[in-house]
Amino acid sequence: GTAEDVPLARALPLIFEGLRESCHPLALLARQGALRLLDEHPGAKDEVPELLPQLVAPLRAALADADDDVVRAALAVVAPVAALSK
């Protein structure tokens with residue numbers, strides 16, 4: 001399937017929860033999935049601002065994680081989320 005086949009409102013909050021994952025392949029799936037959906041999903045521009053309340057808590061938790069890889073993964077999604085939330 002393609003990014004447009006993914007129900008963004010259901011998938012993105014779950015994927016953001018997965019940013020704290022450190023076990024592979026789960027960490028890889030969450031990190032690449034988040035970036036790909038933010039970049040490629042045709043509804044991202046409209047839906048991400050509405051989803052912000054559901055995305056903030058998992059993103060904040062990932063940014064505060066003790067694992068540097070988790071923090072880097074969270075930082076990698078901050079700019080795309082901010083760009084879509086203008």
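Further up the page is the structure itself.
Residues numbered from 1 in each chain as written. Predicted model: local features only at pLDDT ≥ 70, side-chain atom pairs only at ≥ 80, totals over all residues. Heavy atoms only, no water.

**Q** I'd like to hear about the overall build of the protein chain, residue by residue, with values.
**A** Helix and strand counts for the protein chain stand at four helices and zero strands. Going from N to C terminus, the protein chain has its helices and strands arranged as α-α-α-α. Taken over C-alpha atoms, the radius of gyration comes to 12 Å for the protein chain, in line with the 12 Å a tight globule of 86 residues would show. Classification of the 86 residues of the protein chain by burial places 38% in the buried group. Of the accessible surface of the protein chain, which amounts to about 5200 Å², a share of 57% is contributed by carbon and sulfur atoms. Across the protein chain, the 8 positively charged side chains and the 13 negatively charged ones have centroids separated by 4 Å. (Helix = DSSP H or I, 4+ residues; strand = E, 2+ residues; numbered from the N terminus. Rg over C-alpha atoms; globule rule 2.2 N^0.38 Å. Buried < 20%, exposed > 50% of the residue type's maximum accessible area, 1.4 Å probe, protein only. Areas by Shrake-Rupley, 256 points an atom, 1.4 Å probe, with all protein chains shown as cover. Lys, Arg positive; Asp, Glu negative; His and termini not counted. Charge placed at Lys NZ, Arg CZ, Asp CG, Glu CD.)

**Q** Tell me about the packing of helix α3 (residues 44-63) against helix α4 (residues 68-84), and name the residues and values.
**A** In contact at an axis separation of 10 Å, α3 and α4 are set at 155° when each is read in the N-to-C sense. In this view, α3 runs roughly antiparallel relative to α4, as classed from their interaxial angle. At the point where α3 passes α4, the crossing takes the left-handed sense. Each of Ala44, Lys45, Val48, Pro49, Leu52, Leu59, Ala62 and Leu63 in α3 lies in contact with α4, whose residues at this interface are Val70, Val71, Ala74, Leu75, Val77, Val78, Val81, Ala83 and Leu84. For the contact of α3 with α4, the per-class residue count stands at 16 nonpolar, no polar and one charged. (Axes fitted to C-alpha atoms, helices over the stretch in contact; angles between N-to-C directions. Parallel < 35°, antiparallel > 145°, perpendicular 65-115°, else oblique. Left-handed = near helix turned anticlockwise from the far one by under 90°. Contact = heavy atoms within 4.5 Å. Nonpolar A, V, L, I, M, F, W, Y, C, P; charged D, E, K, R; others polar.)

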